[in-house]
Amino acid sequence: MSDFARQTNWLPRIHTAAEDIAHADAMIVRGWVTVAEQAGRIAGFIACKGGELDALYVADDARGQGIGSALIGGLKTRHKALTCWTFQANTPAISFYRHHGFAETARGDGSANDEGLPDLTLHWQREAA
């Protein structure tokens, strides 16, 4: 996650690497994290509490190989609905979520997140059988 923040010029760096690690540790301890491995190393992870998606990250060298899709697909088998938010500037994430059936449900002006950046909320609902 720290790599993403360092590589994203529009994202203000408000947390240290140690704080990022502590946050990841807290998600793991709470049982929210599913990890994707590739060739014996962690290629990505997803963190979800109930139907609230907290984090989705795929390593640079593993992107475009279906890892994010597999992680989100796994959540869809376990939940009837999923909600997430991302920054409006994160157009690759928005495209990814829309591709996976998420629809925008709200837009924010940045006043509700630590970074102060405009964001949006996306929601996915399993279709009734």
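Sequence order sets the numbering: in each chain, residues are counted from 1 along the sequence as written. In keeping with the model being predicted, local features are shown solely for residues with a pLDDT of at least 70 and side-chain atom pairs are shown and tallied solely at 80 or more, while totals for entire chains, interfaces and linings include all residues. Only hydrogens and water are removed before side-chain values are computed, so all heavy atoms of the structure are retained for them.

1. Details of the overall build of the protein
The way it works is that DSSP assigns letters per residue, a run of H or I at least four long becomes a helix, a run of E at least two long becomes a strand, and they are numbered from the N terminus. Broken down by element type, the protein carries four helices and six strands. Mapped in sequence order, the helices and strands of the protein form the string α-α-β-β-β-α-β-α-β-β. A burial count over the protein gives 36% of its 129 residues as buried. A separation of at least 24 residues holds for 51% of the contacts in the protein among residues at least 6 apart in sequence. Here the open area of atoms and residues is found with the Shrake-Rupley method and a 1.4 Å probe, where only the protein chains shown may cover a residue. Just so you have it, the protein exposes about 7,700 Å², and 53% of that area is on carbon and sulfur atoms. The buried label goes to any residue with under 20% of its type's maximum accessible area, the exposed label to any with over 50%, and the partly exposed label to all in between, with areas taken from a 1.4 Å probe on protein chains only. The contact criterion used throughout is that any non-hydrogen atoms of two residues lie within 4.5 Å.

2. Section: the packing of aromatic side chains
Both the distance between ring centres and the angle between the ring planes are used here to describe each pair of aromatic rings. In this scheme Phe, Tyr and Trp rings, the latter by its six-membered ring, pair at centre separations within 6.5 Å, and the angle between planes marks the pair as stacked below 30 degrees, edge-to-face above 60, and tilted otherwise. Under the defined criterion, the tally for this structure stands at four aromatic pairs. Three or more aromatic residues joined by ring pairs make a cluster, and in this case those are Phe96, Tyr97 and Phe102. Its end group placed over the ring of tryptophan 32, arginine 30 keeps NZ or CZ at 5.2 Å from the ring centre. Note on geometry: a ring has a charge over it if NZ (lysine) or CZ (arginine) is within 6 Å of the ring centre and within 35 degrees of the ring normal.

3. Focus: the nonpolar core
In terms of nonpolar packing, the biggest core is built from 21 residues, with Leu53, Ile67, Tyr97 and Phe102 touching the most fellow members. If you list the elements that add at least two residues to this core, you get strand E2 (41-49), strand E3 (52-58), helix H3 (67-78), strand E4 (81-87), helix H4 (91-99) and strand E6 (119-125). Considering each element in turn, this core owes the most residues, four residues, to H3. When residues no more than four places from it in sequence are discounted, the contact partners of isoleucine 67 are Ala36, Gln38, Ala43, Val58 and Ala62. As used here, the term nonpolar core means buried Ala, Val, Leu, Ile, Met, Phe, Trp, Tyr and Cys residues forming a set that is joined through side-chain atoms within 4.5 Å. Ranked by size, the runner-up nonpolar core spans six residues in total, among them Trp32, Phe45, Ala55 and Tyr57.

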